[in-house]
Amino acid sequence: MLELKKLSVNYGKIEALREISLEVKEGEMVSLIGANGAGKTTLLRTISGLEKPRSGAIFYRGEEITALPSDRRVRLGIAQVPEGRGLFGVLSVEDNLLLGAYTRRDREIAADLEEVYRRFPILREKRRDYAGTLSGGQQQMVAVGRALMSRPRLLLLDEPSMGLAPVVVEEIFDAIIRLRESGTTIFLVEQNAHLALSHSDRTYVLENGRIVREGPSAELLDDESIKEAYLGD
Ligand SMILES: Nc1ncnc2c1ncn2[C@@H]1O[C@H](COP(=O)(O)OP(=O)(O)O)[C@@H](O)[C@H]1O
Ligand SMILES: [Mg+2]
């Protein structure tokens, strides 16, 4: 579904990503782990078209999208839940959700909004509230719901666990797993390696802008060097 070929991204002289090659197959849940500053957010932003690669190529469902503007990518089914959620705090929950449908012109937006409320019942209760007044977990639900409003085939999640209490993280991950079960392909970026490895099929490890390891998540979870570097045991 998604294939990156030798993708490099620079910020001025900083080489944020160096020749990244990776693949996410349809229906998979793939994670990318790495320390703060490794380049995880840059990679997701490049897939979404928000950063421009210096070299390399991005293929999505068999077509090259490397130079496509980000709104076109959204229309093709790529949605991103950004780091820090990126909500508009003084807009209502519902208005934030509807922003996710901005590329759509069909008549099923109301039905999809209903579907988001079915998935996250608390958001229906709070739909008239300012998004900024919600708890961190509820805001993350709004961010996921907003991405769902574009009807993604491929959902990119940037550190959905960040700043959330463990019980809330479980709730968010349950929702992500249900999405995956309903057919959405998921590419998950996490600094919390244990969380990512225990919920995904395959994992890539990013260090200083390079992929240094990849494999089935269950294998990496058991790997001594991964344990030492990323799992704190
Ligand atoms: N807009 C930017 N301008 C300049 N440097 C940036 C910018 N965004 C990120 N960087 C740098 O690129 C590297 C990777 O950052 P980032 O992708 O945010 O990593 P991560 O998400 O893994 O923490 C870091 O060294 C960071 O300082
Ligand atoms: Mg980041």
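Scroll up to find the structure this text is about.
Source: prediction; values computed, not measured.

Student: What exactly am I supposed to notice about the sheet that holds strand 8 (residues 185-190) here?
Tutor: Strand-to-strand pairing in sheets goes through backbone hydrogen bonds, with the strands running parallel or antiparallel. A sheet is described by the order of its strands in space; here six strands give the open sequence 6-7-8-3-9-10, paired in mixed fashion. Looking at which strands have only one partner, the edges of the open sheet turn out to be strand 6 (78-81) and strand 10 (210-216). Neighbour-to-neighbour, the strand axes of this sheet turn through a mean angle of 15°, independent of strand direction. The sheet contact formed by strand 3 (residues 29-33) and strand 9 (residues 202-207) spans four bridges and is parallel. Bridge pairing in strand 9 links Leu32 to Tyr204. Most of the contacts of helix 7 (residues 166-181) go to strand 8, to which it runs at about 150°, and overall it touches strand 3, strand 7 (154-158) and strand 8.

Student: When you look at the layout of surface pockets in this model, what are you seeing that I'm missing?
Tutor: Unfilled space is identified by rolling a water-sized probe across the atoms. Considered as a void within the structure, the largest pocket measures approximately 500 Å³ in volume. Every residue lining the largest pocket is counted, 21 residues in all, and those nearest its centre are Val74, Gln80, Pro82, Tyr102 and Arg146. Residues that form the lining of the largest pocket fall into these classes: nine nonpolar, seven polar and five charged. For the second largest pocket, the calculated volume is near 220 Å³. Surrounding the second largest pocket, Asp112, Glu115, Val116, Arg119, Leu148, Arg151, Pro152, Leu179, Ser182, Gly183 and Thr184 form its lining. Of the residues forming the lining of the second largest pocket, the biggest block, four residues, is contributed by helix 4 (residues 109-119).

Student: Quick question: what am I supposed to make of helix 1 (residues 40-48) here?
Tutor: One turn of the α-helix equals 3.6 residues, which is why residues spaced by three or four share an orientation. Burial analysis of helix 1 places seven of its nine residues in the buried class, the great majority of the element. Turning to helix 1, its buried residues are Lys40, Thr42, Leu43, Leu44, Thr46, Ile47 and Ser48. Trailing helix 1 by a residue or two, Gly49 shows a phi angle of about 90°, which is positive.

Student: Help me understand the environment of Glu214 in this model?
Tutor: In this fold, Glu214 is placed in strand 10. Along the primary structure Glu214 and Tyr204 are separated by 10 residues, whereas in three dimensions their C-alpha atoms are 4.3 Å apart.

Student: Can you walk me through the site of ligand 1 in this structure?
Tutor: Within the structure, ligand 1 sits among Tyr11, Ala16, Ala35, Asn36, Gly37, Ala38, Gly39, Lys40, Thr41 and Thr42. Contacts to ligand 1 include Ala38, whose backbone N or O atom sits 3.2 Å from an oxygen atom. With the chains in place, 60% of the 560 Å² that ligand 1 exposes on its own is no longer accessible. Among the elements that make up the shell around ligand 1, the one with the highest residue count is helix 1 (three residues). Residue classes in the shell around ligand 1 are distributed as four nonpolar, five polar and one charged.

Calculation criteria
- Residues numbered from 1 in each chain as written.
- Chains lettered and ligands numbered in written order.
- Predicted model: local features only at pLDDT ≥ 70, side-chain atom pairs only at ≥ 80, totals over all residues.
- Heavy atoms only, no water.
- Pairing = 2+ DSSP bridges.
- Helix = DSSP H or I, 4+ residues; strand = E, 2+ residues; numbered from the N terminus.
- Axes fitted to C-alpha atoms, helices over the stretch in contact; angles between N-to-C directions.
- Contact = heavy atoms within 4.5 Å.
- 1 Å grid on protein atoms, 1.4 Å probe; cavity = no way out; pocket = protein on both sides within 12 Å on 5 of 7 lines; lining within 4 Å.
- Points joined across faces, edges and corners; volume = space filled by probe spheres on them.
- Nonpolar A, V, L, I, M, F, W, Y, C, P; charged D, E, K, R; others polar.
- Buried < 20%, exposed > 50% of the residue type's maximum accessible area, 1.4 Å probe, protein only.
- Near = heavy atom within 4 Å.
- Polar contact = N/O pair within 3.5 Å; in protein donor to acceptor, adjacent residues only side chain to side chain.
- Areas by Shrake-Rupley, 256 points an atom, 1.4 Å probe, with all protein chains shown as cover.

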